[in-house]
Amino acid sequence: MSGCICDSAPPYTDNLVEVYTRGFIAAVFGLLGITHHDPVQGNLPIYRHRIFTPILHKFFSWYLKLPKMAKNYADVERYILQAKPKIPHLFLYSEADRLIEPHSIQKYIQLLIEHGYITKEKIFKDSPHVAHYKVYPKEYTDQVLSFLRYCKDKFK
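Computed from a predicted model, the values in this text were never measured in an experiment.

Cis rather than trans, the peptide bond between Ala9 and Pro10 has omega equal to -5 degrees. For Pro10, the position within the fold is in the loop between strand S1 (4–7) and helix H1 (16–31). The backbone of Ser8 shows a phi angle near 65 degrees, a positive value even though the residue is not glycine. In this structure, Ser8 sits in the loop between S1 and H1. Assessed through its relative accessible area of 0%, Ser8 is described here as buried.

Structure (structure tokens):
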């Protein structure tokens, strides 16, 4: 049985600088215990900061263009797109994700489809980044189990 389940990722590679910048800010502020409180969803990560965002954006713009980094991303993408067999992918993501925005995941899904992959997706309405299981445990579990059954049947 083979398949790939992607929760809130991966982003399409044309916006890696933004994803790295937001992710780094969220990680640092999270380690410091600094979050944004939402009355409905509780404490959420901070993805932008008026001082650090421009600095980190410049850094990651430079860093991700280094030959070794650019080659790594190109190699990974090439490997995925040329992989045999083309295993099915399930994407679980949210319209409310502020780290890896849905349009970026949708562009990646489209790229896989153009290269012959079977993709399935579940778009949650309002769960934060990688919190779909926490917010929607039954729907999440149902999607994963359904996908696993599909993969089992497809690759007998």
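Within strand S4 (residues 89–94), 6 of the 6 residues are buried, which leaves the element mostly enclosed by the surrounding structure. Covered by surrounding structure in S4 are His89, Phe91 and Tyr93 together with Leu90, Leu92 and Ser94, the residues of both alternating faces. Summarising the sheet, S1 and S4 pair through 4 bridges and their orientation is parallel. Bridged to Ile5 within S4 is Leu90. With 6 bridges joining them, S4 and strand S5 (residues 119–124) adopt parallel strand pairing. Of the residues in S5, the one forming a bridge with Leu90 is Lys120.

On the surface, Met1, Ile5, Leu145 and Leu148 cluster together into a nonpolar patch covering about 360 Å² of accessible area. Locating Ile5 in the fold gives a position in strand S1.

On to the sheet that holds S1. An order of S1-S4-S5 is seen for the 3 strands of this open sheet, with the pairing classed as parallel. A strand with exactly one partner marks an edge of an open sheet, and here the two such strands are S1 and S5. For this sheet, the mean inter-axis angle between neighbouring strands, taken without regard to orientation, is 10 degrees. Contacts from helix H4 (residues 102–114) reach S4 and S5, with the element oriented near 165 degrees to S4. Strands S1, S4 and S5 of the sheet are contacted by helix H6 (residues 137–154), whose axis makes an angle of about 165 degrees with S4.

Turning next to the packing of aromatic side chains. Within a pair of aromatic rings, the relevant descriptors are the distance that separates the centres and the angle that separates the planes. Throughout the structure, instances matching the rule amount to 12 aromatic pairs. Pairing Tyr20 with Tyr73 gives two aromatic rings, centres 6.3 Å apart and planes at 75 degrees, and the pair type is edge-to-face. Residue Tyr20 is located in helix H1, and its partner Tyr73 is located in helix H3 (residues 67–82); the two are separated by 53 residues in the primary sequence. Exposure remark for Tyr20: the relative accessible area of 25% places this residue in the partly exposed category. Their ring planes at 45 degrees and their centres at 5.8 Å tell us that Phe59 and Trp62 sit as a pair that is tilted. On the criterion of helical spacing, the pair formed by Phe59 and Trp62 is a turn pair, its members being 3 residues apart in helix H2 (residues 52–63). Note on Phe59: relative accessible area 38%, which makes it partly exposed. The aromatic ring of Tyr150 is capped on one face by Lys120, whose charged end is 4.3 Å from the ring centroid. Looking at Lys122, its charged tip hangs above the ring of Phe124, at a distance of 5.4 Å from the centre.

Thresholds applied
- Residues numbered from 1 in each chain as written.
- Predicted model: local features only at pLDDT ≥ 70, side-chain atom pairs only at ≥ 80, totals over all residues.
- Heavy atoms only, no water.
- Helix = DSSP H or I, 4+ residues; strand = E, 2+ residues; numbered from the N terminus.
- Buried < 20%, exposed > 50% of the residue type's maximum accessible area, 1.4 Å probe, protein only.
- Pairing = 2+ DSSP bridges.
- Patch = residues over 30% accessible without salt bridge, like charges linked within 9 Å, V, L, I, M, F, W, Y side chains within 5 Å.
- Areas by Shrake-Rupley, 256 points an atom, 1.4 Å probe, with all protein chains shown as cover.
- Salt bridge = Lys/Arg side-chain N within 4 Å of Asp/Glu carboxyl O.
- Axes fitted to C-alpha atoms, helices over the stretch in contact; angles between N-to-C directions.
- Contact = heavy atoms within 4.5 Å.
- Phe/Tyr/Trp six-rings, centres within 6.5 Å; stacked < 30°, edge-to-face > 60°.
- Lys NZ or Arg CZ within 6 Å of the ring centre and 35° of its normal.

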